Amino acid sequence: MADLEVGDPAPQFDLPRDGGGSLSLAASAGKPVVLYFYPQDDTTSCTQEAISFSRLKPEFEKAGAVVIGLSPDSAKKHDKFKSKYNLTIDLAADEERKVIEAYRLWVEKSMYGRKYMGVERATFLIGRDGRIAKIWRKVRVKGHAEAVLEAVRAL
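This section reports on the structure supplied with the text. Keep in mind it's a predicted model, so treat the numbers as computed, not measured. (Residues numbered from 1 in each chain as written. Predicted model: local features only at pLDDT ≥ 70, side-chain atom pairs only at ≥ 80, totals over all residues. Heavy atoms only, no water.)

## Details of the pattern of salt bridges
Part 1: Taken as a whole and assessed by the stated rule, the structure comprises 14 salt bridges.
Part 2: Measuring nitrogen to oxygen at the nearest pair gives 2.7 Å for the salt bridge that ties Arg 17 to Asp 90. Taken as a pair, Arg 17 in the loop between β1 (14-16) and β2 (22-24) and Asp 90 in strand β5 (residues 90-93) lie far apart in primary sequence, 73 residues in all. Each member of the pair, Arg 17 as well as Asp 90, carries the same accessibility label: buried.
Part 3: With a closest N to O distance of 3.6 Å, Arg 97 and Glu 101 form a salt bridge.
Part 4: On the basis of relative accessibility, which here comes to 27%, the residue Arg 97 falls in the partly exposed class.
Part 5: It is possible to trace a salt-bridge network through shared partners that takes in Arg 17, Asp 18, Lys 82 and Asp 90. (Salt bridge = Lys/Arg side-chain N within 4 Å of Asp/Glu carboxyl O. Helix = DSSP H or I, 4+ residues; strand = E, 2+ residues; numbered from the N terminus. Buried < 20%, exposed > 50% of the residue type's maximum accessible area, 1.4 Å probe, protein only.)

As structure tokens, this is what we get:
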């Protein structure tokens, strides 16, 4: 399957969320959605990224955008992660990796010469029309949330 590109319709989802209930793309129709994918709760880079998005959540809301973090961790694990770091953003649980795979982010990775499958850290900005407006792949955490906020403001 080819990678998703700017202008493509964003794959829909409806997933369990932290705190119970579910998160869906359809529930945010008409608003920009920042959908960021990360490998695992409570790891250094993932924690820094979640803290950055949480710190800027009021600014994203002022710009009319919704921020959703998505990983293959369970909703219960998300609850612990949010509580431990006082995170304010919504977290979706994709334990079966269906959404991760729909966004083409279940990829071969390599660490210390060992190859394994995992989630590529990436962010998709989905416009009010439900189409992908911008994509950041292989994200470096430092300054990323700020760059995404600027892109939201430019929509």
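So that's the structure; there's more coming.
## Section: the sheet that holds β5
Part 1: Taken in spatial order, the five strands make up an open sheet running β5-β4-β3-β8-β9, and their pairing is mixed. The sheet terminates laterally at β5 and β9 (132-136), the two strands that pair on one side only. Strand-to-strand twist in this sheet, taken as the mean axis angle between neighbours without regard to direction, amounts to 20°.
Part 2: Here four bridges tie strand β8 (residues 122-126) to β9, and the two strands are oriented antiparallel to one another. Bridged to Phe 124 within β9 is Ile 135.
Part 3: Here helix α1 (residues 44-55) sits on the sheet and contacts β3 (33-37), β4 (66-71) and β8; the angle it forms with β3, its principal contact strand, is near 165°.
Part 4: Taken strand by strand, helix α5 (residues 144-154) contacts β3, β8 and β9, and its axis lies near 160° from that of β9. (Pairing = 2+ DSSP bridges. Axes fitted to C-alpha atoms, helices over the stretch in contact; angles between N-to-C directions. Contact = heavy atoms within 4.5 Å.)

## Details of the pairing of β3
Part 1: Counting buried positions over the five residues of β3 gives five, a clear majority of the element.
Part 2: The two faces of β3 match: Val 33, Leu 35 and Phe 37 on one face and Val 34 and Tyr 36 on the other face are all buried.
Part 3: Pairing geometry for β3 and β8, over five bridges, is antiparallel. Bridge pairing in β8 places Val 33 opposite Ile 126.

## Regarding the environment of Ala 29
Part 1: Its location among the elements puts Ala 29 in the loop between β2 and β3.
Part 2: In the structure, Ala 29 is positioned 101 residues away from Gly 130 in sequence and 7.0 Å away in space, judged by C-alpha atoms.

Fair warning: the whole summary comes from geometry, so function is off the table for now.
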